[in-house]
Amino acid sequence: MANHKSAEKRIRQTARRTEINGARVSRIRTFVKKVESAIESGDKTAAAEALKAAQPEMMRGTTKGVLHANTVARKISRLSARIKAL
């Protein structure tokens, strides 16, 4: 357990940030799942719209430090390639 005021504060901050980051990652996953389901259904326009909505959310995850930039770039690239192949 923490013995200093600053360490106690860090514990509180870490708990708060962990909750926020978890919510952000969950939100990103939900957006990606919407794109995946649109691809599975074979609807190219719906999939493109879903990707258009998911991209800013994914990039926001990068700027907030939740996901690595290359990871997001790879996922967006692969999703767009799958949509293009429809």
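All figures in this text were calculated on a predicted structure; none of them were measured in a lab. (Residues numbered from 1 in each chain as written. Predicted model: local features only at pLDDT ≥ 70, side-chain atom pairs only at ≥ 80, totals over all residues. Heavy atoms only, no water.)

Trainee: Help me understand helix α1 (residues 5–41), please; the structure alone is not making it clear to me.
Mentor: Under the 1.5 Å per step criterion, the end-to-end length of α1 is 54 Å for 37 residues, consistent within 8% with the ideal 54 Å. Buried within α1 are the following residues: Arg 24, Ile 28, Phe 31, Val 32, Val 35, Ala 38 and Ile 39. Summarising the contacts, the buried residues of α1 are in contact with α2 (44–63) and α3 (69–84). Backbone geometry just after α1 places Gly 42 at a positive phi near 85°. (Helix = DSSP H or I, 4+ residues; strand = E, 2+ residues; numbered from the N terminus. Expected span 1.5 Å × (residues − 1). Buried < 20%, exposed > 50% of the residue type's maximum accessible area, 1.4 Å probe, protein only. Contact = heavy atoms within 4.5 Å.)

Trainee: Would you take a moment to explain the packing of α2 against α3 for this structure?
Mentor: For any two helices packed against each other, one specifies the inter-axial angle together with the distance between the axes. Packing of α2 against α3 brings their axes to within 10 Å, and their N-to-C directions diverge by 175°. Considering the angle they form, α2 stands roughly antiparallel to α3. Residues Lys 44, Ala 47, Ala 48, Leu 51, Gln 55, Met 58, Met 59 and Thr 62 of α2 lie in contact with α3, whose contacting residues are Ala 69, Val 72, Lys 75, Ile 76, Leu 79, Ser 80, Ile 83 and Lys 84. (Axes fitted to C-alpha atoms, helices over the stretch in contact; angles between N-to-C directions. Parallel < 35°, antiparallel > 145°, perpendicular 65-115°, else oblique.)

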